[in-house]
Amino acid sequence: MLEVKNLHVEVEGKQILNGIDLNVKPGEMHAIMGLNGSGKSTLSNAITGRENYSVTKGDIIYKNESIVEMEPNERALAGIFMSFQYPTVIPGVNNTYFLRAAVNAKRKYNKQKEYDAASFLKFVKSKLKEVEMDSKYLKRAVNEGFSGGEKKRNEMLQLLCLEPELAIMDETDSGLDIDALKIISKGINNYKNKDRSFLVITHYQRLLKYIEPDVVHVLIDGKIIKSGGKELALELEEKGYSWLES
Amino acid sequence: MNLSDYQNEFDNLISKQSYSAVSQPSRKDTFSKFLDSGLPTRKWENWRHTDLSFLNKNNFRITEPGDASGGSIDVSNYKIANTFTVIIINGHYLTINSDLPKELTVSTNSNGENWTPKNKKDTPFELLNASLSDSTITITTEPNASIQKPIHILFLCTGNDDLMINPQVNIDISHSSSATIIEQYVSNTSSFFQNTSVFASIEKNASLNHVRIHSNSDQTANISGLHVTQSDDSTYNYFQLVDGGALQRSDIYTDLKGKNATCYLSGLALLDKKQHSATYIISDHIMPNCVSSQNFKSVLNGSASGVFNGRTIVREDSQKTDSKQSNKNLLLSDQALMNSNPQLEIYADDVKCAHGSTTGALDKEALFYMQSRGINKKEATSLLIRGFVSELINDIKNEDVKDYLFEKFDNWLLNNNQ
Ligand SMILES: Nc1ncnc2c1ncn2[C@@H]1O[C@H](COP(=O)(O)OP(=O)(O)OP(=O)(O)O)[C@@H](O)[C@H]1O
Ligand SMILES: [Mg+2]
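From a predicted model like this one, the values you see are computed outputs, not experimental measurements. (Residues numbered from 1 in each chain as written. Chains lettered and ligands numbered in written order. Predicted model: local features only at pLDDT ≥ 70, side-chain atom pairs only at ≥ 80, totals over all residues. Heavy atoms only, no water.)

Peer 1: Residue-level account of the overall build of chain A, with values.
Peer 2: Along chain A, the regular secondary structure elements total 10 helices and 12 strands. Computed over the C-alpha atoms, the radius of gyration of chain A is 18 Å, within 12% of the 18 Å expected from 2.2 N^0.38 for a compact globule of 246 residues. Every one of the 246 residues in chain A was classed for burial, and the buried ones make up 55%. Looking at chain A alone, contacts between residues at least 24 apart form 69% of all its contacts between residues at least 6 apart. Counting only carbon and sulfur atoms, one obtains 47% of the accessible surface of chain A, whose full area is about 11200 Å². (Helix = DSSP H or I, 4+ residues; strand = E, 2+ residues; numbered from the N terminus. Rg over C-alpha atoms; globule rule 2.2 N^0.38 Å. Buried < 20%, exposed > 50% of the residue type's maximum accessible area, 1.4 Å probe, protein only. Contact = heavy atoms within 4.5 Å. Areas by Shrake-Rupley, 256 points an atom, 1.4 Å probe, with all protein chains shown as cover.)

Peer 1: Requested: an account of the pattern of salt bridges, with residues and values cited.
Peer 2: All told, the structure shown has 24 salt bridges over all chains when counted by the stated rule. Across the pair A:Glu212 and A:Lys230 runs a salt bridge, and its minimum N-O distance is 3.0 Å. Of this pair, A:Glu212 sits in the loop between α8 (205–210) and β11 (215–220) while A:Lys230 sits in the loop between β12 (223–228) and α9 (231–239), and the two are 18 residues apart along the sequence. Judged by relative accessible area, which is 46%, A:Glu212 ranks as partly exposed. B:Asp218 serves as the salt-bridge partner of B:Lys273, at 3.2 Å between the closest nitrogen and oxygen. With B:Lys273 in the loop between β15 (262–271) and β16 (276–285) and B:Asp218 in the loop between β11 (207–215) and β12 (220–230), the pair connects residues that are 55 residues apart, well separated along the chain. (Salt bridge = Lys/Arg side-chain N within 4 Å of Asp/Glu carboxyl O.)

Peer 1: Tell me what's going on with the domain arrangement of chain B, and back it up with residues and numbers.
Peer 2: All names here are of chain B. Each assigned domain of chain B is listed here: domain 1 (3–258) and domain 2 (363–418). Domain 1 and domain 2 are separated by 31 Å when their C-alpha centres are compared. Contacts between the two partners involve 16 residues from domain 1, matched on the other side by 10 residues from domain 2. Regarding the contact of domain 1 and domain 2, the summed buried area is about 1100 Å², with carbon and sulfur atoms giving 68% of it. (Domains from an automatic or database assignment. Buried area = accessible area lost by both parts, 1.4 Å probe.)

Peer 1: Could you give me a rundown of the coordination of the magnesium ion (ligand 2), with the residues and numbers involved?
Peer 2: All names here are of chain A. Around the magnesium ion (ligand 2), the protein supplies Ser41 (OG) and Gln85 (OE1) as donor atoms, at distances of 2.0 to 2.1 Å. Here Gln85 lies in the loop between β6 (80–83) and β7 (90–94) and Ser41 lies in helix α1 (residues 40–48), a separation of 44 residues in the sequence. When its relative accessible area of 22% is taken as the criterion, Ser41 is described as partly exposed. In this structure Gln85 comes out as buried when scored by relative accessible area, which is 17%. (Donors = N, O, S within 2.8 Å, 3.2 Å for Na, K, Ca; no water.)

Peer 1: Lay out the packing of helix α2 (residues 24–37) of chain B against helix α4 (residues 124–132) of chain B in plain terms, naming residues and giving numbers.
Peer 2: For any two helices packed against each other, the geometry is given by the interaxial angle and the distance between the axes. Residues and elements named next belong to chain B. Close contact between α2 and α4 brings their axes to 8 Å; oriented N to C, the two are set at 155 degrees. Taken together, the axes of α2 and α4 are roughly antiparallel relative to one another. The chirality of how α2 crosses α4 is left-handed. Listed contacts from α4 to Arg27, Thr30, Phe31, Lys33, Phe34 and Ser37 of α2 are Pro124, Leu127, Leu128, Ala130, Ser131 and Leu132. Within the contact of α2 with α4, the residues separate by chemical class into seven nonpolar, three polar and two charged. (Axes fitted to C-alpha atoms, helices over the stretch in contact; angles between N-to-C directions. Parallel < 35°, antiparallel > 145°, perpendicular 65-115°, else oblique. Left-handed = near helix turned anticlockwise from the far one by under 90°. Nonpolar A, V, L, I, M, F, W, Y, C, P; charged D, E, K, R; others polar.)

Peer 1: For the sheet that holds β11(A), give the residues involved together with the corresponding values.
Peer 2: Residue and element names in this part refer to chain A. The six strands lie next to each other as β6-β9-β10-β3-β11-β12, forming an open sheet whose pairing is mixed. Each edge of the sheet is formed by a strand with only one pairing partner; in this case those strands are β6 and β12. On average, adjacent strands in this sheet sit at an angle of 20 degrees to one another, irrespective of strand direction. As judged from the five bridges shared by β11 and β12, these two strands associate in the antiparallel manner. Residue pairing in the sheet places His217 in a bridge with Ser227 of β12. (Pairing = 2+ DSSP bridges.)

Peer 1: How would you summarise helix α7 (residues 399–416) of chain B if you had to cite specific residues and measurements?
Peer 2: Residues and elements named next belong to chain B. Taking 1.5 Å of rise per residue, the 18 residues of α7 would be expected to cover 26 Å, and the 25 Å separating its terminal C-alpha atoms lies within 8% of that figure. For α7, every residue scored as buried is listed here: Val401, Lys402, Tyr404, Leu405, Phe406, Lys408, Phe409, Trp412, Leu413 and Asn416. Where α7 is buried, its residues contact β9 (178–187), β11, β13 (235–242), β15, β17 (291–300) and α6 (377–393). Residue Asn398 occupies the N-cap position of α7, its side-chain oxygen lying 2.9 Å from the main-chain nitrogen of Asp400. (Expected span 1.5 Å × (residues − 1). Polar contact = N/O pair within 3.5 Å; in protein donor to acceptor, adjacent residues only side chain to side chain.)

Peer 1: A description of the site of ligand 1 should follow, citing residues and the corresponding values.
Peer 2: All names here are of chain A. The immediate surroundings of ligand 1 are formed by 16 residues, with Ile16, Gly37, Lys40, Ser41 and Thr42 found nearest. Within the side chain of Lys40, an N or O atom sits 2.7 Å from an oxygen atom of ligand 1. Contacts to ligand 1 include Tyr53, whose side-chain N or O atom sits 3.5 Å from a nitrogen atom. Look at ligand 1: alone it shows 640 Å² of surface, and the protein chains cover 68% of it. Secondary structure elements with two or more residues in the shell around ligand 1: β2 (14–24) and α1. Broken down by element, the shell around ligand 1 gets its largest block of residues, three residues, from α1. Considering only residue class, the shell around ligand 1 consists of four nonpolar, eight polar and four charged. (Near = heavy atom within 4 Å.)

Peer 1: Describe in detail the interface of chain B and chain A, supporting the description with residues and values.
Peer 2: Listed by partner, the interface residues are 18 residues for chain B and 31 residues for chain A. Between chain B and chain A, roughly 1900 Å² of surface is buried when both sides are summed, and carbon and sulfur atoms account for 64% of that area. When residues of chain B are sorted by the area they lose upon contact with chain A, B:Phe368, B:Tyr369 and B:Arg373 head the list and together hold 41% of the total. At the surface where chain B touches chain A, the tally comes to two salt bridges. A:Glu155 is paired through a salt bridge with B:Arg373; the nearest N and O atoms lie 2.7 Å apart. Counting every contact that joins chain B to chain A gives eight residue pairs in polar contact (both at pLDDT 80 or more). For the side of chain B that touches chain A, the elements supplying multiple residues, two or more each, are α5 (364–371) and α6 of chain B. The element contributing the most residues to the side of chain B that touches chain A is α5(B), with seven residues. Of the residues in the side of chain B that touches chain A, the class split is seven nonpolar, six polar and five charged.

Peer 1: Can you explain the packing of aromatic side chains? Please cite residues and give values.
Peer 2: Following the criterion strictly, the structure yields 17 aromatic pairs over all chains and no others. Judged by centre distance (5.8 Å) and plane angle (20 degrees), the rings of A:Phe98 and B:Tyr369 are stacked. Remark: B:Tyr369 occurs in helix α5 and A:Phe98 occurs in helix α3 (residues 95–109); the pair is interchain, linking two chains. We note that A:Phe98, like B:Tyr369, is buried. Aromatic side chains B:Phe10 and B:Phe31 sit 4.1 Å apart centroid to centroid with 5 degrees between the ring planes, which places their arrangement in the stacked category. Within this pair, whereas B:Phe10 is found in helix α1 (residues 3–15), its partner B:Phe31 is found in helix α2, the two being separated by 21 residues in sequence. (Phe/Tyr/Trp six-rings, centres within 6.5 Å; stacked < 30°, edge-to-face > 60°.)

Peer 1: Could you give me a rundown of the packing of helix α6 (residues 148–162) of chain A against helix α7 (residues 178–191) of chain A, with the residues and numbers involved?
Peer 2: All names here are of chain A. Two numbers describe how α6 lies on α7: the axes approach to 11 Å, and their chain directions differ by 15 degrees. One finds that α6 runs roughly parallel with respect to α7. Viewed along their axes, α6 and α7 form a crossing whose handedness is left-handed. In contact with Lys152, Arg153, Met156, Leu159 and Leu160 of α6, α7 contributes Ala180, Ile183, Ile184, Gly187, Ile188 and Tyr191. Along the lines of polarity and charge, the residues of the contact of α6 with α7 split into eight nonpolar, one polar and two charged.

Peer 1: Which residues make up the pairing of strand β6 (residues 151–157) of chain B, and what values go with them?
Peer 2: Residues and elements named next belong to chain B. Of all the seven residues making up β6, seven are buried; the element is thus mostly covered by neighbouring parts of the structure. As paired strands, strand β2 (residues 84–89) and β6 are joined by six bridges and run parallel to one another. Among the inter-strand pairings, Ile87 is bridged to a residue of β6, identified as Leu154. Of the strand pairs in this sheet, β6 and β9 are connected by seven bridges, and their pairing is parallel. Looking at β9, one finds that Leu154 is bridged to Gln184.

Encoded structure:
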């Protein structure tokens, strides 16, 4: 599904990623852990194609094709989704309207009939239920006035509506209360199947109690320095990162 | 057009006796005041940012009553659903295409008898309007009348001559009555200079919704003075859309002369190419317990430029004033330029005042967020610009007018987001 090969990324002239290798197969869930500033979000942004994140060396292969030259929306249409660590507020743009534009872009790409306002509302209502979100959030501008946890739920709602094959969850668990954490985890578990892969970035072992990663990677200074099973997460929780750095 | 060009035009009209004899002495007097003041230049504080080169390099013939050509003019393009339409061609009243409600009087005068306005500011263009105007239109509501259907006044410039037109509009909203008035300025391909003066007086407990649409051709300049006087418990809602014209300048004066009056001013400029639009406002709080707001936005593309100069004066006796000013501008190109200057002058102590101004490009984070959801850049851009302007247009109370304004916005966007 996703193959990251010797990826070097520069942001505004600063080298952040120094040769990342990853191989996420269909149906797999990979977790990435690491200190603040180690480059986890940079990796997510590079995969989704954010402007100014330039790949100076290496490659990102998605479904057997290099995507580094693709526009962010083309990557999204091909099935890549990122749940933002800090979801953007878009004043003036209604949440329903935005979500419908996104879903319709995808449906058009898939040569499906686009939703009109009424049929979209029916579609989105069922998704709202899954993330236990009140429909009043659809009436507001995108993420405007949303609490930290509400923003994360809104990201999850978008994921469920857009049905990506590769979902990158950048600290979706941060700032969630226990109930919300359970809802999001349940959402991820229900969504996951043999064709859908997850790349989950987290600081907390507690998330990994609810969802079971196949592989855990440790990212430090723009490099993956250790990979292992989910027991690696437990070990990190106990010992911190310093034992790995020497 | 320079001073002597105006002088020649004026002398010619006087010698042809284009105006009623009784008005001639005052016209001459006013015109000589204009000559004394001269045309504004960039050295004048209030004209420092207004680009008048379009007026300086073009010459115009000043209209006479005969310029109201009848003929068949297709105004269907400018139709707003469910309105009374009054058509003014080249400054001259032509027709009212539907029956006006009986609580409303529209009277016109096209020989310049009834031309002396109440509350004139002696600015050069207002002096020109006062000395050259050959037609006035006066709209009066009956006391206690609530007129639901908007009155749409369409100022249409047409023909092959390059004309200078000086319309005057008087709006009198009598006590405890309410009305919605839409002024729209449109022109065909020739070059025009519309120099308009509008006077609105809103009596006790009355309310006026006023919408002004400037959709002139690229060859047209529009300079307009708007003078509003408000009495106790009155409400004034003003919205202006500028989406056309080479040069557009509005000078808006609102005098809150009564207690508990409310005055909301808002506007949207959609500019591209070399268009220039400037809005100067003086909101004068003279009495206590009044509320005023200024909420203006512009979207500038190409090498367009704009000015927002909003001044709110809160005088000593106007305690408990609540006043807000906001100006937000979106620059779609590196060549576009905005000059924003909200100002508060407060002489009373128990007041609530706030002002703010932002000018910037499209939010890249928001664009990326939308693109990362599969929306292409063009559509994401449209959504953002629409989001930016819709806050203002959504505030328009009349649904038909709102739809019409959104339609105009969509048209503009079609040409400016490619
Ligand atoms: N636009 C940018 N300009 C300059 N430096 C940047 C930019 N974006 C990221 N960086 C730097 O790159 C490094 C990695 O940042 P990144 O956001 O990828 O870390 P992270 O692993 O996601 O951290 P956290 O756990 O705090 O979210 C940091 O030192 C950060 O300051
Ligand atoms: Mg991060």
